[in-house]
Amino acid sequence: MAHVITTEGLVKTFGSTRALDGLELSVTEGEVHGFLGPNGAGKSTAIRVLLGLLRADSGRARLFDGDPWADAVTLHRRLAYVPGDVELWPNLTGGEAIDLFARLRGRFDRTRRDELCERFDLDPTKKGRTYSKGNRQKVALISALASEVELLLLDEPTAGLDPLMEAVFQECIRDIKEAGRTVLLSSHVLAQVEALADRVSIIRQGRIVESGSLAELRHLHRITITVETAESAHALERLAGVHDLRELDGQFRFEVEGDHVDDTVRALAPLGVRSIVAHPPTLEQLLMRHYGDETDAPSSDSAR
Amino acid sequence: MPADASPSSTTSRSDRLAGVGTLVRFLLRRDRIKLPAWTGGLGLFVVYLAVALPSVAATEEELRSATQLFADPVGRLLIGPGYGFDEPSFERFVANGYGLYFAIIAALMNILLVVRHTRLEEQTGRAELIRANVVGRAAPLTATLILAVITNLVAAVVVGVAMVGIAGFATAGSLVFAVGLAATGIAFAGVATVTAQLSQYPRAAAGMAGAVLGAAFLVRAGGDMAAEGGTALSWLSPLAWAQQTAPFVLDRWWPLALSIVFAVSTIALGHLLAARRDLGASLVATRPGAHEASARLGTPVGLAVRLQRGNMIGWGAALAIGGLAFGAYTDALTDAFLDLPGAFTELFGADDLVDGYLAYMATFMAFLGGAYAVTAVQSLRGEETSGRAEPLLAAPVGRITWLATNLVVTTVGVVSIMAVTGLATGFGAVLVTGDTHHIPDLALAHLNQVPAVWVVLGIAVLLLGALPRAVAGAWIIVAYGLVVGTFGPMLDLPEAVLELSPFAHPAEVPTETVRALPLLTLSAIAVGAAAIGLLAFRRRDLETT
Ligand SMILES: Nc1ncnc2c1ncn2[C@@H]1O[C@H](COP(=O)(O)OP(=O)(O)O)[C@@H](O)[C@H]1O
Ligand SMILES: [Mg+2]
């Protein structure tokens, strides 16, 4: 499959801050790629480099078959961008702003614009100064979603939307995926990435620390198990791969590494299991594992 | 490494400018109110002068006595080289007596236009939304400059038509004047193009360009004062070139070549600097600030001081430098005054002309102090509309406390700025005359004007509370004071018109001694207006955009 985005060893510094520190990111055609990381990890910086708005200090970035800095204008014909924090012009209406972006981009589906305004419940006749944060965000989203481009770069695009609009957004992204278009979706809304992404790259301090399909990532991580047993399950604590065993209202709750699930279940059986619930790791936990260990006490950190 | 490839070697010219046409149309739409307002305002200024002057000086004879005042060193310091004042006519009086102020308005219009469409767009992130489309790297700046050129040409047409069509001035001179105005405007668009690359903050970018404008004013003030027609020093100022065309006198075009060369070079430099930086970045790097808030920052007063101090220091420094220069002109004036006709005394209403000059300078600085006060209140309005005031007011800080502490800080700021400026002016005068009494005299003269500045501040707060969208209206008091205070006495305006300006009331120190009554009255008016403003502010909705 063709790569739509590739970066190799991308470095970008702002004074003494290393916002990107050897970023290796690859996004293939037709996928929704989740770009996850905490605040300040470098997601926006990476996207701005891909847009040719910032110039990397070193490393290589390819967008389609071009260089994001040198071929910015040509590449922008094939993509649309939505930032997390949209500002509009106070004395222009939302509709005017959408049309401006459309004219500046070229390809645009007029009926789709109107349909999207309806779906997102946006009144395009209001002036920019009267829009709430969420409504300004909708303007940028509608403009991007109505443009018939191959790639969408979305930087925390639903930061100001309510859950209802979030659901509409997810539907729209699924439509786009069906149409075979590519999406890079940066987010810290983990549920959103879980619901939409085919593959995920996790960024931390300017580096990709993990990349793969959600299934692959889960395999690397811990399952949370809650059991109610006839006998005390305290002994499980000594098993390899078991972490954070705690007793709560007569139930035991612990995490177990993906590779040790089998052993653990065998050890549980003789204790007289009355009920058992197993949770796959949430992306929160994935992130916790990567970012929680900064304080190098993962067990106490994740035991919240 | 592609990241190091130079943009020009890999990006074609047409790509760099992609989208310019659409952007220009969009900018025209955005400025659909501002453009006609500014250019129409300049046209109205011409019409007003054409109508008002004959009613003040009906005959050539009366006009001659009025222009005589302008032709003197202090007059030239304020208005320019004074071409054609030996044989005055209405058209000469308008073009050579008021041309400098037309030029300053045009310069401000261009500085604000360029900063508004470049740096402000980057700071808000709107430039990013634009640039993520099929828009070349140089397109937004180029579109802005095209808009600036269009605006200046419209201004030239409006002013030219007003001069020829309404005022009935000679065509050749009107044409030189109108084109000179546009050329000066574009030159300052060039200055702003450069300063917009230097700072990340629109206000700092506009402030730097404003400082260049101030310096240009001072440089030509020194040059024009020294001799009729200006001296070599005058020619160093971008404000001087249009004046050196001497409309209706010499009608020469070639000085405008300097404006054009200056505009082209600054615009080229601006583009060069812009191409060397990232979107949103600046050439003056932002330094990391304090790790923790100091204890003082935790109080409303501490925060108010912190947020206002940049503006305060900027104005204080600019006024002090101006004062130093004006003070240092004292000596040259003393020489020039010796052979002046008696009519000159009218300007300052004083026998001791040097004292009269210094008293006028204290008033002049008070106009600028008033300008500072308005900007301080406008930035409070900015805190409100940007939503930055909201979390503060959600914390246990009352609205009255928030506004009152800020008001107190500005009030003290006015006193400090006027005191420092007075000391600097005095110091400048002492440097050239050796008379040390100038220092206390001028400190007193400037402090004497403080209550007048407070009135401006009070009314600005009144507007902030009662008519928040009209806060900028407080500029009218400053502009009115400046025009009436500078030109009123010469134009024989009725006393009532002069006295509408708060700046007209304090005694003219050091010519006169301080009078307490007007100062107390002005202070009472200021306090009253501020109090109403505070109460109204508590009662109205907070507005955010
Ligand atoms: N223009 C800038 N100047 C200085 N530092 C910046 C700038 N932009 C981003 N940074 C810094 O770079 C790091 C990455 O920021 P960003 O890419 O915005 O992170 P994210 O989008 O993942 O929250 C942060 O430490 C941020 O403070
Ligand atoms: Mg971000």
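Within each chain, residue numbers correspond to sequence positions counted from 1 in written order. Lettering for chains starts from A, numbering for ligands starts from 1, and both go in the order in which the items are written. Restriction of local features to residues with pLDDT of at least 70 applies here, the model being predicted, together with a cutoff of 80 or more for giving and counting side-chain atom pairs; totals for whole chains, interfaces and linings are based on all residues. Side-chain descriptors were evaluated using all non-hydrogen atoms of the structure, hydrogens and water having been removed beforehand.

Trainee: Which residues make up the overall build of chain A, and what values go with them?
Mentor: If you tally the helices and strands in chain A, you get 11 helices and 13 strands. Each principal axis of the C-alpha atoms in chain A carries an extent, and together these give about 70 × 45 × 35 Å. Exposed residues in this analysis have more than 50% of their type's maximum accessible area, buried residues have under 20%, and partly exposed residues fall in between, with area computed by a 1.4 Å probe over protein chains only. Within chain A, buried positions represent 52% of all 304 residues. We call two residues in contact when some of their heavy atoms are within 4.5 Å. The long-range fraction of contacts in chain A, counting pairs at least 24 apart against all pairs at least 6 apart in sequence, stands at 68%. To measure how exposed things are, a 1.4 Å probe is used in the Shrake-Rupley method; for residues, cover is taken only from the protein chains shown. Of the accessible surface of chain A, which amounts to about 13200 Å², a share of 48% is contributed by carbon and sulfur atoms. Taking the average place of the 37 positive charges on the side chains of chain A and the average place of its 48 negative ones, the gap between the two points comes to 6 Å. Runs of H or I in DSSP of at least four residues are treated as helices and runs of E of at least two as strands, each being numbered from the N terminus. We score Asp and Glu as negative and Lys and Arg as positive, and we do not count His or the chain ends. A charge is said to be at NZ when it belongs to Lys, at CZ for Arg, at CG for Asp and at CD for Glu.

Trainee: Explain the interface of chain B and chain A to me, and be specific about the residues and the numbers.
Mentor: With 34 residues of chain B at the interface, the matching set in chain A holds 40 residues. Using a 1.4 Å probe, buried area is obtained as the accessible area two parts lose upon being combined, added over both of them. Both faces considered, chain B and chain A share a buried interface measuring about 3500 Å² in area, 56% of it formed by carbon and sulfur atoms. In terms of surface lost to chain A, no three residues of chain B exceed Glu128, Leu129 and Val134 of chain B, which account for 19% of the buried area on that side. Salt bridges are identified by distance alone: a Lys or Arg side-chain nitrogen within 4 Å of an Asp or Glu carboxyl oxygen. In this assembly, chain B and chain A are joined by 3 salt bridges. Whenever two N or O atoms come within 3.5 Å, that pair is a polar contact, provided that in protein one can donate a hydrogen and the other can accept it, and provided that, for residues adjacent in sequence, both atoms are side-chain atoms. Here chain B is connected to chain A by 18 residue pairs in polar contact (both at pLDDT 80 or more). The classification used treats Ala, Val, Leu, Ile, Met, Phe, Trp, Tyr, Cys and Pro as nonpolar, Asp, Glu, Lys and Arg as charged, and all other residues, Gly among them, as polar. Along the lines of polarity and charge, the residues of the side of chain B that touches chain A split into 14 nonpolar, 9 polar and 11 charged.

Trainee: Describe the sheet that holds strand S4 (residues 58-63) of chain A, and please don't skip the residues or the numbers.
Mentor: Residue and element names in this part refer to chain A. A strand pair is defined by DSSP finding two or more bridges across the two strands. Reading across from one edge, S2-S1-S4 is the order of the 3 strands in this open sheet, with antiparallel pairing throughout. Lying at the two open borders of the sheet, with one neighbouring strand each, are strand S2 (17-28) and S4. For this sheet, the mean angle separating the axes of adjacent strands, direction not counted, is 15 degrees. Two elements, strand S1 (residues 3-14) and S4, share 5 bridges in a ladder whose sense is antiparallel. Bridge pairing links Ile5 to Leu63 in S4. Only the contacting stretch of a helix is used when fitting its axis, a line to C-alpha atoms as for every element, and angles between N-to-C directions run 0 to 180 degrees.

Trainee: Any chance you could break down the side chain of Asp224 of chain B for me, citing the residues and the numbers?
Mentor: Structurally, the position occupied by Asp224 of chain B is in helix H12 (residues 202-226). In this structure Asp224 of chain B touches Arg76, Gly80, Pro81, Gly230, Ser234 and Gln243 of chain B, once residues within four positions along its chain are discounted.

Trainee: Go over the site of ligand 1, please, and point to the residues and values.
Mentor: All names here are of chain A. Taken together, Phe14, Thr17, Ala19, Pro38, Asn39, Gly40, Ala41, Gly42, Lys43, Ser44 and Thr45 form the complete shell of residues around ligand 1. Here an oxygen atom of ligand 1 sits 2.7 Å away from a polar atom, N or O, in the side chain of Ser44. When isolated, ligand 1 has an accessible area of 560 Å², and the protein chains bury 64% of it. If you list the elements that add at least two residues to the shell around ligand 1, you get S2 and helix H1 (43-50). Whether a residue is near a molecule or strand is decided by its heavy atoms; if any one of them lies within 4 Å of it, the residue is near.

Trainee: Outline the nonpolar core, listing residues and values.
Mentor: Nine residue types can take part in a nonpolar core, namely buried Ala, Val, Leu, Ile, Met, Phe, Trp, Tyr and Cys, and a core is a set of them joined through side-chain atoms within 4.5 Å. Core analysis: the biggest nonpolar cluster contains 166 residues, and Phe120 of chain A together with Phe326 of chain B have the highest contact counts within it. Ranked by residues supplied to this core, first place goes to helix H18 (residues 353-385) of chain B with 17 residues. Beyond its immediate sequence surroundings of up to four residues, Phe326 of chain B is in contact with Leu77, Phe217, Leu218, Tyr357, Met361, Phe364 and Met365 of chain B. In this structure, Leu10, Leu50 and Leu151 of chain A together with Ala127 of chain B belong to the second largest nonpolar core, which totals 30 residues.

Trainee: Break down a negative patch on the surface for me, with residues and values.
Mentor: Negative charge collects at one region of the surface, where Glu60, Glu61, Glu62, Asp86, Glu87, Glu228 and Asp492 of chain B lie side by side. You can see Glu60 of chain B is positioned in helix H5 (residues 60-71). Only residues whose relative accessible area exceeds 30% and that take part in no salt bridge are eligible for patches, with like-charged residues grouped when within 9 Å of each other and nonpolar side chains (Val, Leu, Ile, Met, Phe, Trp, Tyr) grouped when within 5 Å.

Trainee: Tell me about the sheet that holds strand S13 (residues 273-279) of chain A, residues and numbers included.
Mentor: All names here are of chain A. Taken in spatial order, the 4 strands make up an open sheet running S11-S12-S10-S13, and their pairing is antiparallel. Either end of the sheet is taken by a strand with one partner, and the two such strands are strand S11 (242-248) and S13. The sheet shows a mean angle of 20 degrees between the axes of neighbouring strands, taken without regard to direction. Its contacts with the sheet put helix H9 (residues 261-268) on strand S10 (222-229), S11, strand S12 (251-257) and S13, and the angle it makes with S12 is roughly 155 degrees.

Trainee: I'd like a rundown of the pairing of strand S5 (residues 79-82) of chain A, residues and numbers included.
Mentor: Residue and element names in this part refer to chain A. A two-sided burial pattern is seen for S5, the buried positions comprising Leu79 and Tyr81 on one face and Ala80 and Val82 on the other. With 4 bridges joining them, S5 and strand S6 (residues 151-155) adopt parallel strand pairing. Each residue of the ladder has a partner; that of Val82, found in S6, is Leu154.

Trainee: Could you give me a rundown of the confidence of the model for chain A, with the residues and numbers involved?
Mentor: A low pLDDT score tells you not to read the predicted coordinates there in detail. Each residue carries a pLDDT value, the predictor's own confidence for that position, ranging from 0 to 100. Scored by pLDDT, chain A has a mean of 87; 92% of the residues are at 70 or more. Taken as a whole, residues 294-304 of chain A scores under 50 in pLDDT and shows 9 contacts with residues more than four places along the chain or in a different chain.

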